[in-house]
Amino acid sequence: MGQMLEEIQYRLKTSSTSLVLFAFRLLSGMALGLTIALIGEEIAGYGSFSFTFVIVTVVAAFLRISKGWQFVGVAVFDLICVLIGLLLRMYILVAPGS
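Residues numbered from 1 in each chain as written. Predicted model: local features only at pLDDT ≥ 70, side-chain atom pairs only at ≥ 80, totals over all residues. Heavy atoms only, no water.

Draft legend 1. The arrangement of the side chain of Ser66 in detail. Relative to the assigned elements, Ser66 resides in the loop between helix H2 (48–65) and helix H3 (71–94). Polar contacts involving the side chain of Ser66 include one to the main-chain carbonyl oxygen of Phe62, which spans 2.8 Å. (Helix = DSSP H or I, 4+ residues; strand = E, 2+ residues; numbered from the N terminus. Polar contact = N/O pair within 3.5 Å; in protein donor to acceptor, adjacent residues only side chain to side chain.)

Listed below in structure tokens is the structure:
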């Protein structure tokens, strides 16, 4: 009986960890997809269907690429994306001739 309860507790722990990791990966993919869709909309000026399609495609691609990543890998990826965004913002603010 005790071994069965330990097995249930272990499965509950691993499934909740997997669910939280999936939610973290999904949130990161949504942010990345929204950013890329907004950039594409400004450049090409496409409609709402294409906007949604780009978001869904980028999220699906990110989930597939980050399948083997753990929390640390996704967090490092997010930090690198934020740093690149800040670098681009700094370039835009300090760009010569603007």
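Draft legend 2. Inspection of the nonpolar core at higher detail. Core analysis: the largest hydrophobic core is formed by five residues, namely Ala37, Phe51, Ile55, Val59 and Leu63. Top contributing element to this core by residue count: H2, with four residues. When near neighbours in sequence (up to four residues on either side) are disregarded, Phe51 contacts Leu34, Ala37, Leu38, Glu41 and Tyr46. (Core = buried A, V, L, I, M, F, W, Y, C linked by side-chain atoms within 4.5 Å. Buried < 20%, exposed > 50% of the residue type's maximum accessible area, 1.4 Å probe, protein only. Contact = heavy atoms within 4.5 Å.)

Draft legend 3. A nonpolar patch on the surface, seen in detail. A cluster of nonpolar side chains, namely Val20, Phe71, Val72, Val76, Ile80, Ile84 and Leu88, defines an oily patch on the protein surface of about 620 Å² accessible area. With respect to the helices and strands, the residue Val20 is situated in helix H1 (residues 2–44). (Patch = residues over 30% accessible without salt bridge, like charges linked within 9 Å, V, L, I, M, F, W, Y side chains within 5 Å. Areas by Shrake-Rupley, 256 points an atom, 1.4 Å probe, with all protein chains shown as cover. Salt bridge = Lys/Arg side-chain N within 4 Å of Asp/Glu carboxyl O.)

Draft legend 4. Seen up close, the packing of aromatic side chains. A full pass over the atoms with the stated rule returns four aromatic pairs. Note on Phe62 and Trp69: the rings are 6.0 Å apart at their centroids and 85° apart in plane angle, and the pair reads as edge-to-face. A residue is classified by how much of its surface remains accessible, and Phe62, at 5% relative accessible area, is buried. Taking the centre distance of 5.1 Å and the plane angle of 35° together, the rings of Phe62 and Phe77 count as tilted. Of this pair, Phe62 sits in helix H2 while Phe77 sits in helix H3, and the two are 15 residues apart along the sequence. Residue class for Phe77 comes out partly exposed when judged on its relative accessible area of 23%. (Phe/Tyr/Trp six-rings, centres within 6.5 Å; stacked < 30°, edge-to-face > 60°.)

Draft legend 5. Quick peek at the environment of Ile36. With respect to the helices and strands, Ile36 occurs in helix H1. In sequence terms Ile36 and Lys67 are 31 residues apart; their C-alpha atoms lie 20 Å from each other. Those residues in contact with Ile36, other than ones at most four positions away along the chain, are Tyr46, Val54 and Val58.

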